[in-house]
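Residue-level structural notes
Chain by chain, the residues:
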Amino acid sequence: MLFRSPLERALSAAGMKPRSVSADLRLNQGFSRFVVSADLPARTDPGAALEVLLAAMDGIARKGISQEEINRTRDAMVFSEMVGREKIHYFLMAKAPWVIVGSPGQGFSAGRWDHLGPGDLDAASRSYLVGQPFSALLVLPADQAGKG
């Protein structure tokens, strides 16, 4: 069964057909950003898509993260590091921001997320999802610019 993220499931449930949906944390010294990106077909209402994403993130923040989601995320992170380790230039490119800001836990360690439980990740996600300012950038194809 193909894993679909909660954000992708929310867009699909609203009748939208996301090509891709991603969410990642961009770490900077003194200022980090949680970035969500969605690629949707032309003619998708960008305002409606934004509302669906915001509602989905609010729902995630309210009910927390399930153990199943945590396990999938941990598996994806470990897999990503293993693949990156095989191609050292990918590994170094992925780790450069962590090294620059001096983040703890740098480097490869397949078991370093094993101690995290739902409460830990829930608290971390709430710090980025609850009560934080945000900005939205909606990019439309050239033939849709200025419409709607």
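A quick note: this is a predicted structure, and the numbers were derived from the prediction, not measured. (Residues numbered from 1 in each chain as written. Predicted model: local features only at pLDDT ≥ 70, side-chain atom pairs only at ≥ 80, totals over all residues. Heavy atoms only, no water.)

Considerations on the overall build of the protein
When you go through the protein residue by residue, the secondary structure sums to five helices and two strands. Scanning the protein from its N terminus toward the C terminus, one meets helices and strands in the order α-β-β-α-α-α-α. Burial status across the protein gives 22% buried among its 148 residues. Total accessible area computed for the protein in this model is approximately 10200 Å², and 58% of it derives from carbon and sulfur atoms. (Helix = DSSP H or I, 4+ residues; strand = E, 2+ residues; numbered from the N terminus. Buried < 20%, exposed > 50% of the residue type's maximum accessible area, 1.4 Å probe, protein only. Areas by Shrake-Rupley, 256 points an atom, 1.4 Å probe, with all protein chains shown as cover.)

A closer look at the environment of A49
Structurally, A49 can be placed in helix α2 (residues 46–63). A49 gets classed as buried once you look at its relative accessible area, which sits at 4%. In this structure the C-alpha to C-alpha distance between A49 and M16, which are 33 residues apart in sequence, comes to 7.8 Å. Ignoring any residue separated from it by four or fewer positions in sequence, one finds A49 in contact with L11, M16 and L40. (Contact = heavy atoms within 4.5 Å.)

Some remarks on unusual backbone geometry
A positive phi angle is found at R43, which is not glycine, with a value near 80°. Residue position: R43 is located in the loop between β2 (33–39) and α2.

Focus on the confidence of the model for the protein
Low pLDDT means the predicted atomic positions in that stretch should not be read closely. Chain-level statistics for the protein give a pLDDT mean of 76 and a share of 70% at 70 or above. Confidence, read as mean pLDDT per element, is least for helix α4 (residues 88–101) in the protein (64) and greatest for helix α1 (residues 6–13) (92). (pLDDT = per-residue confidence, 0-100.)

Considerations on the layout of surface pockets
Of the pockets and cavities examined, the second largest pocket occupies roughly 1200 Å³. Together, 36 residues line the second largest pocket, and V36, L50, S135, A136 and L137 are the ones closest to its centre. When contributions to the lining of the second largest pocket are tallied by element, the ones reaching two or more residues are β2, α2 and α5 (118–129). Across the lining of the second largest pocket, the residue classes break down as 24 nonpolar, eight polar and four charged. (1 Å grid on protein atoms, 1.4 Å probe; cavity = no way out; pocket = protein on both sides within 12 Å on 5 of 7 lines; lining within 4 Å. Points joined across faces, edges and corners; volume = space filled by probe spheres on them. Nonpolar A, V, L, I, M, F, W, Y, C, P; charged D, E, K, R; others polar.)

Remarks on the nonpolar core
Judged by nonpolar contacts, L7, A10, L11, M16, V21, L40, A49, V52, L53, A56 and M57 together constitute the single largest core of eleven residues. Of all elements in the fold, only α1 and α2 reach the threshold of two or more residues within this core. Of all the elements, α2 adds the most residues to this core, at five residues. With residues up to four places along the chain from it excluded, the contact list for V52 reads A10, L11, A14 and M16. (Core = buried A, V, L, I, M, F, W, Y, C linked by side-chain atoms within 4.5 Å.)

Overview of a nonpolar patch on the surface
A cluster of nonpolar side chains, namely L25, F34 and Y128, defines an oily patch on the protein surface of about 250 Å² accessible area. With respect to the helices, strands and loops of the structure, Y128 is situated in helix α5. Accessibility expressed as a relative area gives 32% for Y128, which makes it partly exposed. (Patch = residues over 30% accessible without salt bridge, like charges linked within 9 Å, V, L, I, M, F, W, Y side chains within 5 Å. Salt bridge = Lys/Arg side-chain N within 4 Å of Asp/Glu carboxyl O.)

Details of the pairing of β2
Side-chain direction in a regular strand flips from residue to residue, so the side chains alternate between the two faces of the sheet. As paired elements, strand β1 (residues 20–26) and β2 share seven bridges and run antiparallel to each other. Bridge pairing in β2 links L25 to F34. (Pairing = 2+ DSSP bridges.)

Description of α1
Burial in α1 covers these residues: L7, A10 and L11. Along the axis of α1, the buried residues cluster in a sector spanning 95°; they form a single face. Buried residues belonging to α1 abut β1, β2 and α2. A positive phi of about 85° marks G15, the residue just after α1. (Arc of directions from axis to C-beta.)

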